[in-house]
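In case you want the letters, here they are:
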Amino acid sequence: MAAVCFMIALSLYIVATVSFLSYSLRRSEALSNVSLSITAVGFAFHTITLIMRMTGASSSAPPSFSDALSFFSWMIILVLLIVEFRHRIHVLGSFMVPLAIVSLISAAALPESEPTLQPVFKTLWFHVTLSMLGTVGFAVAFVAGVMYLIQDRLLKSKQFNVLYSKLPALDFLDHLNQQSIVLGFPLLTLGIVTGAISAELARGSYVSWNPEQTWAVVTWLFYFVVLLGRLTIGWRAKRAAYLTVVGFACVILTLVGVLLKGHSALS
Amino acid sequence: MHLIVVGLSHKTAPVEIRERLAVPESRLGEALTRLCSYPGVKEGILLSTCNRVEVYSVVEDVDTGYGRIQEFLADTHLSLSSEQLTPHLYWHTGDRAIAHLFRVASSLDSMIIGESQILGQLKDAFEVALAHKTTGVIMNKVVKKAISVAKRVRTETKIAEMAVSVSYAAVELAKKIFSNLHEKTVLLVGAGEMAKLAAKHLIANGVGHVRITTRTPQHAVDLAERFGGTAVPFDQFKDDMASADIVLVSTGAAHYLVGAEDVHRAVQERMNRPMFLIDISVPRNIDPAVRHVDNAFLFDIDDLKHRVEQNRAGRVHEAEKAERMVIEEVTMILDWMKSLEVTPTIVALRNRVEDIKRAEVEKVLGRLGHLSAQDRELVEGLASSIVNKLIHRTMVTLKNEVNSSSGPAFVEAARQFYALDQPAASTQQTETYSESSRYLTDSRPQSEADEPTPEPSVPKRAR
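Here, residues in each chain are numbered from 1, in the same order as that chain's written sequence. For naming, the first written chain is A and the first written ligand is 1, with later ones following in the order written. Restriction of local features to residues with pLDDT of at least 70 applies here, the model being predicted, together with a cutoff of 80 or more for giving and counting side-chain atom pairs; totals for whole chains, interfaces and linings are based on all residues.

A separate point is the overall build of chain A. Check the secondary structure of chain A and you find 9 helices and 0 strands. Along chain A, from the amino end to the carboxyl end, the secondary structure elements read α-α-α-α-α-α-α-α-α. Exposure classes come from backbone-placed C-beta atoms, where a residue is buried if 20 or more other C-beta atoms lie within 10 Å of its own, exposed if 12 or fewer do, and partly exposed in between. Scored against the burial criterion, the 267 residues of chain A give a buried share of 42%. When contacts within chain A are restricted to residue pairs at least 6 apart in sequence, long-range pairs at least 24 apart make up 81% of them. Think of it this way: any DSSP run of H or I at least four residues long counts as a helix, any run of E at least two long counts as a strand, and we number them from the N terminus. Once C-beta atoms are placed from the backbone, any two residues with those atoms within 7 Å are in contact.

As structure tokens, then:
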């Protein structure tokens, strides 16, 4: 049943992406509400899937990596719906929904891997949830950054095309970028701390410098510098956009690190 | 009763003719009164703007009406003769006249398609006509409809959304860099006309602070007063640039006043907050190399003009949609106008009472089965004479008022009193009656009476 809901949600997201993209590239405003409604229905099915997985799994079982990814894309869509509701920037869907799809497909494609850490108390749940929420912040910053760079390029080259008219103002995108990092960074920090505590409880050492932990620390340092730079020496606008795009690459590598670790533990 | 329009516009007449024909607002009332004093002219509106002078009128006879209005136009200015005017005039009647009015109101006939002034001008012309009582049922309805069509076009198409003036294009671009112009500062360097206009638009769109610099210090102070801003000494404006989010340059200088280095420094001082620079001067006053400075967005006059051209093309595209709406709306109002014709109204009225009578008589006779054939005839005769006497005065009045100016008002009244635009509810004792069956009841007796088929009533008017 959960699998069926999952497939429905995924298919609806794919339809919504096509609809959002054709909205963004055509002059007409017609498809905006259609795309949004499809996404919202997909989101409802996605929510059902998540609830079923949570209630279905025994409470002592650790969260699997694919569940974490599914939760990640669920949050992405939630943020999309909230921003849409408040600012009516439909073009955002063309960027956010595909991101959610990629993460959902990876979630579906991944083998059910055994976790390396045996869950002690609920710390692992905290670790996964907080890290994923932090990652959502960085993902939104990444999307805002990409949109910023596109709009910057269009303005600089004076290409007043359809995409130009649908993308929001530069300072809005910069602000969205900043807000996402300001929210994402403390969440990731807490995620790393709870991760270290979980490791301590399970293995007796906070840090073992496996790929996951190494990349997590690199990511954390990177965003720390980005945030500090913005607040002190004016790393905003175009530079901030570039940095958040690079930063998200670090995040992806961390997630790959989690996977590798899972596999190396298996073999 | 016919609706006609006679007039000329920027499409048919040069400005030399238009300016002489234009009626100043102060004399509009007097002109309207004169218009309606011509025999055969029942209602009139005079729309006089810098791009068009048009008379919309309801007349008894189309050809005489054309002649009268042409006469009226030629009389508005001493130096104009009817012969001089003729080659520039256009004449429309019926649906074409209505379509013309709708197109004018929706700004589809304007020099700049989609501009919003014309609607206000039409409203003003209508106000004046109302004040001088030169409009009646037909004109009021048609002009009000034209205004609502124009509003529909405005909201349902993007015809008015895109900036089509250079000064407004600057505002449009600013909004793609700053989502909110409030609390933003604009620095005006030099005071060319277009720059002043752009500054005005920016202020109207919320820009909070204005700083002004010109070569003549006093000029800057005067302008600062006018815009509610601050004057900045000309030799210091480059140091002041960092405080400005928007820089508007238009001086007569023959060289670059602002170099890439200056802008780079300003952006750094602003901690990389984006800066929007507009160079309206020819020759240019901002070094084009500014394009390579990150977070600074420079647009020169050609860029703005290019944007305007694009938007114009966009408006033409939207105008096609608007034209379709106009056609739709014209058909609707034509239906209403047809309903105002006297003969179909009389026929409809007769049918209505005939239906009521027949239904009531059948009901009663059904219960009085014991009556002889003679008595039955008597009952029927009684019913007939009551309904005929009841509607007799109405019929006579309608016929008498066919050609008077209040004719349409009587028709409209009769249609409302007897609910002729609604399905025959009284005969059926039900409110629901399908469109097609109503059409049948309405048209059946027409073929007997050999009258022109009345249009089925306009559903919109049914209350």
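That shown, we press on.
The subject of this paragraph is the overall build of chain B. A count of helical and extended segments in chain B gives 18 helices and 10 strands. With 463 residues in all, chain B has 39% of them scored as buried. By sequence separation, contacts in chain B at least 24 residues apart represent 71% of the contacts at least 6 residues apart.

Much of the literature gives interface size as the accessible area that the parts lose upon coming together. The interface of chain B with chain A comprises 16 residues on the first partner and 14 residues on the second. Looking at the side of chain B that touches chain A, the elements that each hand over two or more residues are helix H8 (166-177) and helix H13 (301-339) of chain B. In terms of residue class, the side of chain B that touches chain A is built from 5 nonpolar, 4 polar and 7 charged. Note that Gly is not counted as nonpolar here; it falls among the polar residues with everything else outside the nonpolar set of Ala, Val, Leu, Ile, Met, Phe, Trp, Tyr, Cys and Pro and the charged set of Asp, Glu, Lys and Arg.

All names here are of chain B. Of note, Glu 60 is situated in the loop between strand S3 (52-59) and helix H3 (62-76). For Glu 60, a count of 16 C-beta atoms within 10 Å corresponds to the partly exposed category. Residues Glu 60 and Met 1, 59 residues apart in the sequence, show an inter-C-alpha distance of 4.7 Å.

Here the focus is helix H5 (residues 94-105) of chain B. For an α-helix, 3.6 residues make a turn, and residues three or four places apart therefore share a direction. All names here are of chain B. The span expected for a helix works out to 1.5 Å for each residue beyond the first. Between its terminal C-alpha atoms H5 stretches 17 Å, which fits the 16 Å expected from 12 residues at 1.5 Å a residue. All buried positions along H5 are accounted for by Ala 97, Ile 98, Ala 99, His 100, Leu 101, Phe 102, Arg 103, Val 104 and Ala 105. Turning to H5, the residues buried within the fold contact strand S1 (2-9), S3, strand S4 (90-93), helix H6 (117-131), helix H7 (137-156) and H13. Directly beyond the C-terminal end of H5, a positive phi value near 65 degrees is found at Ser 107.

On to the packing of helix H3 (residues 65-87) of chain A against helix H4 (residues 93-109) of chain A. Residues and elements named next belong to chain A. In this description, a line fitted to the C-alpha atoms serves as the axis of each element, helices being fitted only across the stretch in contact, and the angle between N-to-C directions of two axes falls anywhere from 0 to 180 degrees. It is the contact of H3 with H4, at a shortest axis distance of 8 Å, that shows an interaxial angle of 165 degrees. The orientation of H3 with respect to H4, classified from their angle, is roughly antiparallel. When you trace H3 past H4, the crossing you get is left-handed. Each of Ser 66, Leu 69, Ser 70, Phe 72, Ser 73, Ile 76, Ile 77 and Leu 80 in H3 lies in contact with H4, whose residues at this interface are Gly 93, Met 96, Val 97, Leu 99, Ala 100, Ser 103, Leu 104, Ser 106 and Ala 107. Small angles under 35 degrees read as roughly parallel and large ones over 145 as roughly antiparallel, with 65 to 115 read as roughly perpendicular and the rest as oblique. Here a crossing is called left-handed whenever its near helix is offset anticlockwise from the far helix by less than a right angle, and right-handed whenever the offset is clockwise.

What follows deals with the sheet that holds strand S5 (residues 185-189) of chain B. To summarise the sheet geometry, strands pair through backbone hydrogen bonds and adopt either a parallel or an antiparallel arrangement. Residue and element names in this part refer to chain B. Two strands pair under a simple rule: DSSP has to find at least two bridges between them. Spatially, the 6 strands line up as an open sheet ordered S7-S6-S5-S8-S9-S10, and their pairing is parallel. Looking at which strands have only one partner, the edges of the open sheet turn out to be strand S7 (230-231) and strand S10 (296-300). Summarising the sheet, S5 and strand S8 (residues 246-249) pair through 4 bridges and their orientation is parallel. Bridging from a neighbouring strand, Leu 187 pairs with Val 247 of S8.

This part is about the pairing of S8(B). All names here are of chain B. Residues Ile 246 and Leu 248 line one face of S8 and the alternating positions Val 247 and Val 249 line the opposite face, and both faces are buried. Across 4 bridges, the pairing between S8 and strand S9 (residues 275-279) is parallel. Counterpart to Val 247 in the pairing with S9 is Leu 277. When the strands point away from the viewer, a crossover counts as right-handed if the route from the first strand across the helix to the second turns clockwise. Note that the unit made of S8, helix H12 (residues 260-269) and S9 has a crossover that is right-handed.

Residue and element names in this part refer to chain B. Despite not being glycine, Ser 107 has its phi angle at roughly 65 degrees, a positive value. Here Ser 107 is to be found in the loop between H5 and H6. A positive phi angle, close to 55 degrees, is found at Met 271, a residue other than glycine. Tracing the backbone through its elements, the reader meets Met 271 in the loop between H12 and S9. On the basis of neighbour counts, which here come to 15 C-beta atoms within 10 Å, the residue Met 271 falls in the partly exposed class.

This part takes up the nonpolar core. Ranked by internal contacts, the top residues of the largest apolar core, which has 111 residues, are A:Ile76, B:Ala174, B:Val186, B:Leu188, B:Val247, B:Leu248 and B:Leu277. Counting residues per element, this core draws most heavily on helix H5 (residues 123-156) of chain A, which supplies 14 residues. For B:Leu248, the residues in contact, after removing those within four places along its chain, are B:Val186, B:Leu188, B:Val189, B:Ala195, B:Ala198, B:Ala199, B:Ile278 and B:Ile280. Residues of type Ala, Val, Leu, Ile, Met, Phe, Trp, Tyr and Cys that are buried and joined through C-beta atoms within 7 Å form what is called a nonpolar core. By size, the runner-up hydrophobic cluster in this structure holds 58 residues, among which are B:Ile4, B:Val5, B:Ile159 and B:Met337.

All names here are of chain B. Within S3, 8 of the 8 residues are buried, which leaves it mostly tucked inside the rest of the structure. Residues of S3 alternate between two faces, with Arg 52, Glu 54, Tyr 56 and Val 58 on one and Val 53, Val 55, Ser 57 and Val 59 on the opposite face, all of them buried. Judged from the 8 bridges that link them, S1 and S3 form a sheet pairing that is antiparallel. When the bridges of S3 are listed, Ser 9 appears paired with Arg 52.

Residue and element names in this part refer to chain B. Ordered in space as S2-S3-S1-S4, the 4 strands form an open sheet in which the pairing is antiparallel. Unpaired on one side and paired on the other, strand S2 (41-48) and S4 mark the two borders of the sheet. Across the sheet, the axes of successive neighbouring strands diverge by a mean angle of 15 degrees, strand direction being ignored. By the bridge criterion, 7 bridges tie S2 to S3 in an arrangement that is antiparallel. From the neighbouring strand, Gly 44 faces S3, where its bridge partner is Ser 57. In the packing of H5 onto the sheet, contacts are made with S1, S3 and S4, and the angle to S1 comes to roughly 50 degrees.

Once that is clear, we can look at the packing of helix H1 (residues 2-25) of chain A against H4(A). Residue and element names in this part refer to chain A. One way to put it is that H1 packs onto H4 with a least axis distance of 8 Å and a crossing angle of 155 degrees. Taken together, H1 and H4 sit at an angle that is classed as roughly antiparallel. For the pair H1 and H4, the crossing hand works out as left-handed. Between H1, through Leu 10, Tyr 13, Ile 14, Ala 16, Thr 17, Phe 20, Leu 21 and Ser 24, and H4, the contact on the second element is made entirely by Gly 93, Ser 94, Val 97, Pro 98, Ala 100, Ile 101 and Leu 104. Tallied by class, the residues present in the contact of H1 with H4 amount to 11 nonpolar, 4 polar and no charged.

Here the focus is the confidence of the model for chain A. All names here are of chain A. The quantity called pLDDT is the predictor's confidence in a given residue, expressed from 0 to 100. Considering every residue of chain A, the mean pLDDT works out to 84; 90% of them sit at 70 or more. For chain A, per-element mean pLDDT is lowest for helix H9 (residues 237-266), which scores 76, and highest for H5, which scores 90. Ignoring residues within four places in sequence, the model shows residues 263-267, a span with pLDDT below 50, making 5 contacts including any to other chains.

All names here are of chain B. When the pLDDT values of chain B are averaged, the result is 83; 90% of them are 70 or greater. Across chain B, element-level confidence peaks in H5 with a mean pLDDT of 93 and bottoms out in helix H18 (residues 435-449) with 39. For this predicted complex, the interface score ipTM comes out at 0.84, alongside a pTM of 0.70.

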